[in-house]
Amino acid sequence: MVTSIMKKRTIRERKKNRRQTIAVWITTCIATALFAAIFSFASSCQAGLIEYAKDLSGDYDYVFYDVPREEADHIVNNRKVATAYQSVGLGYAKLSGSKNPDKPYVYLTAMDNRAMQKNALHLIKGRMPKNDHEILLSRHMMTNGGVEYRVGDTITLDISEREDKNGNVLTQSSGYRTGEKLKKKLTASFQVVGIVQRPNFGFEEWTAPGYSVITYLNPKGDNIPEKYMQRTDIYCKYTKAGLRDRAQTTADIVGVTLTPGVQKFPFIKDERITNRQINDLMERSPYRFYENWGLIRFERMDIGQSAYHMLYLAVAVTNVIILAAAVSCIGSSFAISMEEKRKSYGMLASVGATPRQIRQSVYYEAFLTGRTAIPLGTVLGLLLSTGGIYAIKELLDGQNTVQYLHVHVAWQMLIAGILLSAVTLVLSARRPAKQAAKSSPVAAMRGQAKKSRRAKKRTITAAIAGCTALFILVSYFMGVQTISVGQSNHMFDDHANVSVDVQGSWEANRSAVLQSTKEKSVTEAAVLRTAAYMVNTKEVPYTQTHIRRNGAPDLKHETTAVIQVLAVGETAYRNYLKELGLSYETAKDCAIFYNAYAGYWDGKETTWKVTDYKPGDWIRGQFCHEEQMEKTPDMTDQMQIAAVTTRRPFGVDTSQSYTDSGTIIVSDAWLDAHDPQGGAKITVKYASTDPGTLTQALEKTYDFYPEEIRNRDLQNRENNMLLFVDGIALYGFCLLYTSPSPRDA
């Protein structure tokens, strides 16, 4: 058959044109290796983020609280629930000596081994309980509540239900209420066998009135009768299908009809609609439930998340550049080879070969190349990715998050890389195959030497132009990425490299916060506490520039506005006063008006004055909290301005959400005297010589939620490392692509 003859001839021609064959094979192998390395690195990063999220917030997607035991099977056996484990909330007991007025209780929960393992309980001392006479304590009870226990101690609890003044049962999601009472159920004694770090947010919300203590779940045990285990908390891990449509899955579980949402694009989920549906389900569900978004966002590969956005943007753009360059490079080699074999193709046409068969012979040559180059390139790519990951772990050694980065090869990613390599070969051979099919027998008999040389020169010229275009494209992309990383690294200009958002009241967290600022590696710290001060807009002397550029507040319709009140901590405040040339005694009972607003004007980022306040002026208004925002203030408070400045104290950055009416900076003593709540929000900023050690101390020693801790030094290094890896891949491919090869001969 002609086909068999053409296959043999193709193999013979490949051996004859060994230099071109090797050039195509090497380029294909390199492109495949880069595809495999990039996909492998991306899947390893994703797997690392998932492991980090599991370790931080637990290995579950949703938890349904206080489900009657007779209804538990309905949830556990749902076909879109992959795995499930349960715990039982047994009740509250008074914690004698608690120093936190918002957490006067302990809350006893019973768990089996699987639940303890999957719920991200990090043991500090001792071991996990093995029977219902043993108990596990949270260190948060000691650091925050001030009540000390040791492994081996015995603790006796009067286990009770919480009830409000009207007799309604209260749960962990209900903060402590004045006038509530405990209704005793039973008394049980336990031996303390272990101490764990502060449980994750899904297990113990920061508003929960009870510190978590855990015993072993044993319905047949003799310490806690089974009759007190009639309700259970069910932790569910959804299947991929269930997670893909998590709102509908959750609606089916809780037995509530899902509120319809109109998707703009039928095949792309609009997360805003899904989130609204989830929030609606929370209000209508017969069970209270919690969504572990910290894990779900990584499992779903939500590219809108910042952790994925840069990673997959770099992967997508890098692959497109490699694909375009590889097609150009391999296509040039195929074109040169085709020109050298044009006479051969013409002779085949003269003996009856059809254009289709000639095209197939070119594609068959591409197949022979890919048959060995793609598998070998894939193996080389995996080795390259493995080496890169170990290099990154070595460079970022000692950082908390790098321990979760391991080599992980997802078969989906591996197949994607192989398919992309195959597509590259097909696209590379497509144009040469069409040209080969047009070879005429008459032209073949006359000879095509001169034309072949001219075509070869044109191909080489096109390759040089492609090299130049490739280098320009890569340089432009790397420049954009460098600017983006630089902006991300310098987003905050407050001179701090570690920060933590503290959950809970100032009274409950004061001791831990102040002690954390005295850590050995901390050179400077600021304790930012914010409050809102409502004023009459007619009494605020806004500048015309601010009114024109910002457009807020609307002086025609808005009668009140909010000035942000900010205390920065005693030490940071005194240092700030020194910079301004003020004494503490002069300024402690007054306000310093920060008179700068950061915004965009005429396409540029700039700052301008907010008001025309002067030192000595008085600001009349009233402190207000969220529930008072809609009320007309009494304007019974007033403060005098000691200074007006555009200088910021340590820890205060321009990216903070300052109000349209400016910010006033006050002493801690002034804020404590005028605002009973001590500030609505607490953020601590640190300048540390060892950010990694400080971050671990904030999490393990002071029990701040890991989700609220930001190590900017590590984030910047990770951004720079990702940029470096991307640059190595792109410029390395450019170098290999533009270097002399057998195809140029």
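Thresholds applied
- Residues numbered from 1 in each chain as written.
- Predicted model: local features only at pLDDT ≥ 70, side-chain atom pairs only at ≥ 80, totals over all residues.
- Heavy atoms only, no water.
- Helix = DSSP H or I, 4+ residues; strand = E, 2+ residues; numbered from the N terminus.
- Buried < 20%, exposed > 50% of the residue type's maximum accessible area, 1.4 Å probe, protein only.
- Contact = heavy atoms within 4.5 Å.
- Areas by Shrake-Rupley, 256 points an atom, 1.4 Å probe, with all protein chains shown as cover.
- Phe/Tyr/Trp six-rings, centres within 6.5 Å; stacked < 30°, edge-to-face > 60°.
- Lys NZ or Arg CZ within 6 Å of the ring centre and 35° of its normal.
- Patch = residues over 30% accessible without salt bridge, like charges linked within 9 Å, V, L, I, M, F, W, Y side chains within 5 Å.
- Salt bridge = Lys/Arg side-chain N within 4 Å of Asp/Glu carboxyl O.
- Lys, Arg positive; Asp, Glu negative; His and termini not counted.
- Charge placed at Lys NZ, Arg CZ, Asp CG, Glu CD.
- Axes fitted to C-alpha atoms, helices over the stretch in contact; angles between N-to-C directions.
- Parallel < 35°, antiparallel > 145°, perpendicular 65-115°, else oblique.
- Left-handed = near helix turned anticlockwise from the far one by under 90°.
- Nonpolar A, V, L, I, M, F, W, Y, C, P; charged D, E, K, R; others polar.
- Core = buried A, V, L, I, M, F, W, Y, C linked by side-chain atoms within 4.5 Å.
- Pairing = 2+ DSSP bridges.
- Expected span 1.5 Å × (residues − 1).

Caption draft 1: Representation of the overall build of the chain within the structure. In terms of regular secondary structure, the chain is built from 22 helices and 22 strands. Per-residue burial over the chain gives 50% buried out of 745 residues. If you take every contact in the chain between residues at least 6 apart in sequence, the share linking residues at least 24 apart comes to 82%. On the chain, roughly 36,000 Å² of surface is accessible, and the fraction owed to carbon and sulfur atoms is 54%.

Caption draft 2: How the structure looks around the packing of aromatic side chains. Per the stated rule, a full pass over the model turns up 14 aromatic pairs. On the numbers, 5.0 Å between centres and 75 degrees between planes, the contact of Tyr60 with Tyr235 is edge-to-face. Highlighted residues: Tyr60 in the loop between α2 (18–57) and β1 (62–68) and Tyr235 in strand β10 (residues 231–238), separated in sequence by 175 residues. The class of Tyr60 is buried, set by a relative accessible area of 0%. Among the aromatic residues, those joined into a ring-pair cluster are Tyr62, Phe64, Tyr238 and Phe289. The ring of Tyr211 is capped by Lys103, whose NZ or CZ atom sits 5.1 Å from the centre of that ring.

Caption draft 3: Structural detail: a positive patch on the surface. On the surface, Arg356, Arg359, Arg430, Arg431, Lys434 and Lys438 cluster together into a positively charged patch. Taken together, the elements giving at least two residues each to the positive patch come down to α12 (355–395) and α13 (411–437). In terms of residue count, the dominant contributor to the positive patch is α13 (three residues). Mapped onto the secondary structure, Arg359 falls in helix α12. Since its relative accessible area comes to 31%, Arg359 is described here as partly exposed.

Caption draft 4: Just helix α21 (residues 691–700), in detail. With seven of ten residues buried, α21 lies mostly within the body of the structure. Taken as a whole, α21 has its buried residues at Pro691, Gly692, Leu694, Thr695, Ala697, Leu698 and Glu699.

Caption draft 5: Quick look at the environment of Met534. In this fold, Met534 is placed in strand β13 (residues 522–536). For the pair Met534 and Asp637, spaced 103 residues apart in the sequence, the C-alpha separation amounts to 9.8 Å.

Caption draft 6: Structural view of the packing of helix α7 (residues 246–254) against helix α8 (residues 271–284). α8 packs onto α7 with a crossing angle of 15 degrees between their chain directions and a minimal axis gap of 9 Å. In terms of their interaxial angle, α7 and α8 are classed as roughly parallel. As for how α7 packs across α8, the hand of that crossing is left-handed. Of α8, the residues touching α7 (which contributes Arg246, Ala247, Thr250 and Ala251) are Glu271, Thr274, Asn275, Gln277, Ile278 and Leu281. Of the residues belonging to the contact of α7 with α8, the class tally is four nonpolar, four polar and two charged.

Caption draft 7: Representation of the nonpolar core in the model. Of all hydrophobic cores here, the largest spans 25 residues; its most connected members are Leu90, Leu108, Ile135, Leu157 and Phe190. For this core, the elements supplying multiple residues, two or more each, are β2 (81–94), β3 (105–111), β5 (134–138), α5 (140–143), β6 (154–163), β8 (181–196) and β9 (210–216). It is β8 that contributes the most residues to this core, five residues altogether. When sequence neighbours within four positions are dropped, the list of residues in contact with Ile135 reads Leu108, Pro129, Ile155, Leu157, Phe190, Gln191, Val192, Val193, Gly194, Val213 and Ile214. Of all hydrophobic cores here, the second largest spans 22 residues; its members include Phe35, Ile38, Ala42 and Met413.

Caption draft 8: Structural view of the pairing of β1. Here β1 lies mainly inside the structure; six of its seven residues are buried. The pairing of β1 with strand β11 (residues 289–291) spans three bridges and is classified as antiparallel. If you follow Phe64 over to β11, its bridge partner there is Phe289. Bridge count for β1 against β10 is five bridges, and the pairing is antiparallel.

Caption draft 9: Spatial organisation of the pairing of strand β18 (residues 618–624). Within β18, five of the seven residues are buried, leaving the element largely enclosed by the surrounding structure. Two elements, β13 and β18, share four bridges in a ladder whose sense is antiparallel. Across the sheet, Met534 pairs through a bridge with Gln622, a residue of β18. Relative to strand β19 (residues 637–645), β18 runs antiparallel, the two being bridged by four bridges.

Caption draft 10: Structural context of the pattern of salt bridges. Inspection of the entire model under this criterion finds 22 salt bridges. The salt bridge involving Arg284 is made with Asp280; its shortest N-O contact spans 2.8 Å. Residue Arg284 and its partner Asp280 are located together in helix α8, separated by four residues, close to a single helical turn. According to the relative accessible area criterion, Arg284 is partly exposed, its value standing at 37%.

Caption draft 11: A look at α2. Helix length check: α2, at 40 residues, gives a terminal C-alpha distance of 58 Å against a target of 58 Å (1.5 Å per residue), a fit within 8%. Burial analysis of α2 places 29 of its 40 residues in the buried class, which makes it a mostly covered element. One or two steps after α2, the chain reaches Gly58, where phi turns positive at roughly 100 degrees.

Caption draft 12: Representation of unusual backbone geometry within the structure. Even without a glycine there, the phi angle at Asp66 is positive, about 50 degrees. Looking at the element boundaries, Asp66 is found in strand β1. Despite not being glycine, Ala120 has its phi angle at roughly 55 degrees, a positive value. As for its placement among the helices and strands, Ala120 is situated in the loop between α4 (113–118) and β4 (123–126). Judged by relative accessible area, Ala120 falls into the buried class, the value being 10%.

Caption draft 13: Region of the structure containing the environment of Thr249. Here Thr249 shows up in helix α7. Assessed through its relative accessible area of 0%, Thr249 is described here as buried. Considered as a pair, Thr249 and Tyr238 are eleven residues apart in the sequence and their alpha carbons are 8.4 Å apart. In contact with Thr249, not counting residues within four places along its chain, are Lys80, Tyr238 and Gly242.

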